[in-house]
Amino acid sequence: QVQLVESGGGLVQAGGSLRLSCAASGRTFSSYAMGWFRQAPGKEREFVAAISWSGGSTAYADSVKGRFTISRDNAKNTVYLQMNSLKPEDTAVYYCAVALGPAYLREYEYDYWGQGTQVTVSS
């Protein structure tokens, strides 16, 4: 079993920055890929970014590429999402998730999810 707790969300003006954190417990965190997803009101949850177990590989949605950076600290069992140049369309609940298998680019490939943290970007 894996427990994930997100933090760092909040209200920020357009152009601002936030850093989300996701603390994991319950398994050997460093063995698994991690991802961030988001769900805006009235929309389906979508992929934002993912990172391999070692941190050596990352992937991003086109909408956030160049603005967001995913990273992890396996010693602290924590994955981060640094969000810069935020836009109103980035407003959503952000979720972190763990993929126990080898693939980690699609929502169905993730096995455990956090409760989410709200990010609101005002114009």
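Starting afresh in each chain, residues are numbered from 1 along the sequence in its written order. With the structure being a predicted model, the display of local features is reserved for residues of pLDDT at least 70 and the display and counting of side-chain atom pairs for 80 or more, all residues being used for whole-chain, interface and lining totals. Computation of side-chain values: all heavy atoms of the structure, hydrogens and water removed.

J.: I would appreciate a short explanation of the overall build of the protein in the present structure.
T.: A count of helices and strands for the protein gives zero helices and eleven strands. Secondary structure elements of the protein, listed N to C terminal, follow the sequence β-β-β-β-β-β-β-β-β-β-β. Residue exposure (1.4 Å probe, protein chains only): buried if accessible area is under 20% of the type maximum, exposed if over 50%, otherwise partly exposed. Within the protein, the fraction of its 123 residues that count as buried is 45%. Any two residues whose heavy atoms approach within 4.5 Å at even a single point are treated as in contact. Summarising the internal contacts of the protein: among those between residues at least 6 apart in sequence, 57% fall at separations of at least 24. With 11 positive and 10 negative side-chain charges, the protein shows a separation of 5 Å between the mean positions of the two kinds. Think of it this way: any DSSP run of H or I at least four residues long counts as a helix, any run of E at least two long counts as a strand, and we number them from the N terminus. Charge assignment in this entry is limited to Lys and Arg as positive and Asp and Glu as negative, and neither His nor the chain termini are counted. In plain terms, the charge of a residue is placed at NZ if it is Lys, CZ if Arg, CG if Asp and CD if Glu.

J.: In this structure, what is going on with the environment of valine 79? I would like to understand it.
T.: Within the secondary structure, valine 79 sits in strand S8 (residues 78-83). Residue valine 79 is classed as buried on the basis of its relative accessible area of 0%. A sequence separation of 47 residues divides valine 79 from tyrosine 32, and the C-alpha atoms of the two residues are 11 Å apart. When neighbours within four sequence positions are excluded, valine 79 is seen to be in contact with Leu20, Ser21, Cys22, Phe29, Met34, Trp36, Ile51, Ile70, Ser71 and Arg72.

J.: Just checking my understanding: could you explain the environment of alanine 40 for this structure?
T.: Its place among the elements puts alanine 40 in the loop between strand S4 (33-39) and strand S5 (46-51). Contact partners of alanine 40, with chain neighbours within four places excluded, come to Thr91 and Ala92.

J.: Please explain the sheet that holds strand S7 (residues 68-73) as it appears in this structure.
T.: Adjacent strands of a sheet pair through backbone hydrogen bonds, lying either parallel or antiparallel. Pairing in this open sheet of four strands is antiparallel, and the strands run S1-S3-S8-S7 from one edge to the other. If you trace the sheet from one side to the other, it starts and ends with strand S1 (3-7) and S7, each paired once. The average angle at which neighbouring strand axes cross in this sheet is 15 degrees, direction not considered. The pairing of strand S3 (residues 18-25) with S8 spans six bridges and is classified as antiparallel. Residue pairing for S8: alanine 23 is matched across the bridge by threonine 78. The rule for pairing is simple: two strands pair if DSSP sees at least two bridges between them. Fitting a line to C-alpha atoms yields each axis, with helices limited to the stretch in contact; the angle taken between N-to-C directions then spans 0 to 180 degrees.

J.: So what exactly am I meant to see when it comes to the side chain of serine 52 here?
T.: Looking at the secondary structure, you find serine 52 in the loop between S5 and strand S6 (58-60). You can call serine 52 buried: its relative accessible area is 8%. Aside from chain neighbours lying at most four places away, what touches serine 52 is Ala33, Ser57, Arg72 and Tyr104.

J.: Where do I start with the pattern of salt bridges in this structure?
T.: A side chain with one charge may pair with a side chain of the opposite charge, provided their charged atoms come close. Only one rule defines a salt bridge in this text: a Lys or Arg side-chain nitrogen within 4 Å of an Asp or Glu carboxyl oxygen. One pass over the full model with this rule turns up five salt bridges. Between arginine 38 and aspartate 90 there is a salt bridge whose closest N-O contact spans 2.9 Å. With arginine 38 in strand S4 and aspartate 90 in the loop between S8 and strand S9 (92-99), the pair connects residues that are 52 residues apart, well separated along the chain. Linking aspartate 90 and arginine 67 is a salt bridge whose minimum nitrogen-to-oxygen distance equals 2.7 Å. Taken together, the positions of aspartate 90 in the loop between S8 and S9 and arginine 67 in the loop between S6 and S7 put the pair 23 residues apart, joining distant regions of the chain. Take aspartate 90 and arginine 67: they sit in the same class, and that class is buried.

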